[in-house]
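# Residue-level structure breakdown
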Amino acid sequence: MPASREIVEATTLLVAVVVLFSVSYWLISKVEAAKWQRFIREKVSSALEHGGGKALALVAFLAVYREGAETALFYQALFNEGPNVGLPLALGIIAGFVVLAVIFTLFYRYGMRIPMRPFFTVTSILLYYMAFVFMGKGIRELQEGNILRITVIPGGPHVETMGIYPSMETLTAQGILIVLLLFAMLKTFWPGHQHEGGGATEA
């Protein structure tokens, strides 16, 4: 039934919002290369101390599995955009494989290293942007499924590609995401917080 389909699509989009925003926040918190390296060392050391190779294998499996689940959910939300998105998504996936193959070759053959700060910054921005879009579209689907009311804002912004619709509910939900992003950035880049992180690294 159309209403049921819209509710399922809305649920998928909103779950994707939670996953994408949480990963975006995690990447923001790991923008500094020292923080990322410390995080990896702590996880590996903990795995070796408490269970040896088996625990380390479990950590690696969960890390890869999580990435796969996030990717599947991400594409599921994109495929719900409409009947004409199949070809663009397929081309994007192929382009992604090509780029990954080139990056892997550069790292493996020539010993190049990833510039962690720009990499995490760009990735977190991309994930946050998709979470922002999915939030607007997810709330819109709930409105079309008669789960949420529609409070129209006359003359309000309407940008379909960004998931921005002229309703109080969609704009409020996206406003909450903006506030959460600002909080994440303040928590990560606040001078006192950075100083504490630097002290931990030096120790």
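Residues numbered from 1 in each chain as written. Predicted model: local features only at pLDDT ≥ 70, side-chain atom pairs only at ≥ 80, totals over all residues. Heavy atoms only, no water.

### Focus: the nonpolar core
Put simply, the rule is: As used in this record, nonpolar core signifies buried Ala, Val, Leu, Ile, Met, Phe, Trp, Tyr and Cys residues forming a set joined through side-chain atoms within 4.5 Å. We call a residue buried when its accessible area falls under 20% of the maximum for its residue type, exposed when it is over 50%, and partly exposed in between, using a 1.4 Å probe and counting protein chains only. Comment: elements are numbered from the N terminus, with helices defined as DSSP H or I runs of at least four residues and strands as E runs of at least two. Contact criterion: two residues are considered in contact whenever any of their non-hydrogen atoms come within 4.5 Å of each other.
Among the nonpolar cores identified, the biggest contains 28 residues, and V17, L20, Y128, A131, F134, M135 and L177 are the most heavily contacted of them. Of all elements in the fold, only helix 1 (2-29), helix 2 (33-79), helix 4 (116-144) and helix 5 (168-189) reach the threshold of two or more residues within this core. It is helix 4 that provides the largest number of residues to this core, a total of eleven residues. Not counting chain neighbours up to four residues away, the residues in contact with Y128 comprise F21, S24, L177, I178 and L181.

### Considerations on the packing of aromatic side chains
Selection rule: Aromatic pairs are defined between Phe, Tyr and Trp rings, using the six-membered ring for Trp, whenever the two ring centres lie within 6.5 Å; interplanar angles under 30 degrees are classed as stacked, those over 60 as edge-to-face, and all others as tilted.
Inspection of every chain in the model, using the stated rule, returns two aromatic pairs. Their ring planes at 40° and their centres at 6.5 Å tell us that Y128 and F132 sit as a pair that is tilted. A residue pair is termed a helical-turn pair when its members lie 3 or 4 positions apart in one helix, as Y128 and F132 do in helix 4 at four residues. For the pair shown, Y128 and F132 are each scored as buried. Site record: aromatic cluster; members linked through ring pairs are F21, Y128 and F132.

### With respect to helix 5
Inclusion rule: The length a helix should cover is 1.5 Å for every residue beyond the first. The directions considered for the arc are those from the helix axis to the C-beta atoms.
Between its first and last C-alpha, helix 5 extends 31 Å over 22 residues, near the 32 Å set by a 1.5 Å rise per residue. Taken as a whole, helix 5 has its buried residues at E169, T170, A173, Q174, L177, L181, A184 and T188. The buried residues of helix 5 occupy an angular sector of 130° when projected down its axis, which confines them to one face. Residues of helix 5 that are exposed and point over 90 degrees away from its buried face: V179, F183 and L186.

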